[in-house]
Structure formats: structure tokens, C-alpha cells
Amino acid sequence: MPPGVDDLDVMEEASRCRTVASIGVEAARVAALSGHSVRVAERGSVFGVAARTTALLPGRDRFALFADWLHAECERLGVTLLPGVTMEPADVESALDDG
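Residues numbered from 1 in each chain as written. Predicted model: local features only at pLDDT ≥ 70, side-chain atom pairs only at ≥ 80, totals over all residues. Heavy atoms only, no water.

A. Seen up close, the packing of aromatic side chains. Taken as a whole and assessed by the stated rule, the structure comprises 1 aromatic pair. Note on F66 and W69: the rings are 6.2 Å apart at their centroids and 20° apart in plane angle, and the pair reads as stacked. Taken as a pair, F66 and W69 lie in helix α4 (residues 62-76) at a separation of 3 residues, close to a single helical turn. Taking the relative accessible area as the measure of exposure, F66 reaches 38% and is therefore partly exposed. Note on W69: relative accessible area 40%, which makes it partly exposed. (Phe/Tyr/Trp six-rings, centres within 6.5 Å; stacked < 30°, edge-to-face > 60°. Helix = DSSP H or I, 4+ residues; strand = E, 2+ residues; numbered from the N terminus. Buried < 20%, exposed > 50% of the residue type's maximum accessible area, 1.4 Å probe, protein only.)

And the structure:
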């Protein structure tokens, strides 16, 4: 996130709009639960990378199950998941303008 921006700032801003560009599947899940239309672009082909990376550590394999659950919840809640997409700042602005 940009310097000086925290999760509370992001969620406060999200509460004022109906379409949310999300940073991560957990933020996407929470925004979707709040009734927002959400899109998540992921440069790679897998979502939940932080949890999946944590699952590689000794004794942390259950984090992979958590990542799978987050992905399934986002799909269930209608979050648009865009694998293999790199977003530049102009792309985010354009997507938000499009609603």
C-alpha cells in the first residue's frame, strides 16, 4: 500500500463506493460481504500468495487450506478474479471509472 495508507483507510473509502478494486483475497472477501462489487487482479495464476507462501514453512501447511477457503469464498460471493493480469495505476483508475 502507498505510504500513509492502512487497511482502515481502504475499508473506510470502500464503504463509500459500490465497486472496489481489492488488494488481496481477504480484503475482497470482506468488501463482497459488505455488498460491494469486487475485482481482484493477480499477476500470477494463483490467488492467496501470502498464505500459500506461509504454508511452505515448517508446521504451517494449514495456511494452504486457508488460501483455498479464501479463494472459494471469493468465488461464492461473486468476486471477479482475474489471474495473469498486471495492473498499472492508470488501469486501476480506468477500472474504477468504469464502475
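B. Structural view of the nonpolar core. Core analysis: the largest hydrophobic core is formed by 11 residues, namely V25, A28, A31, A32, V38, V40, F47, L70, C74, V79 and L81. Every element with two or more residues in this core is listed here: α2 (25-33), β2 (37-42) and α4. Looking at this core, the element that brings in the most residues is α2, giving 4 residues. (Core = buried A, V, L, I, M, F, W, Y, C linked by side-chain atoms within 4.5 Å.)

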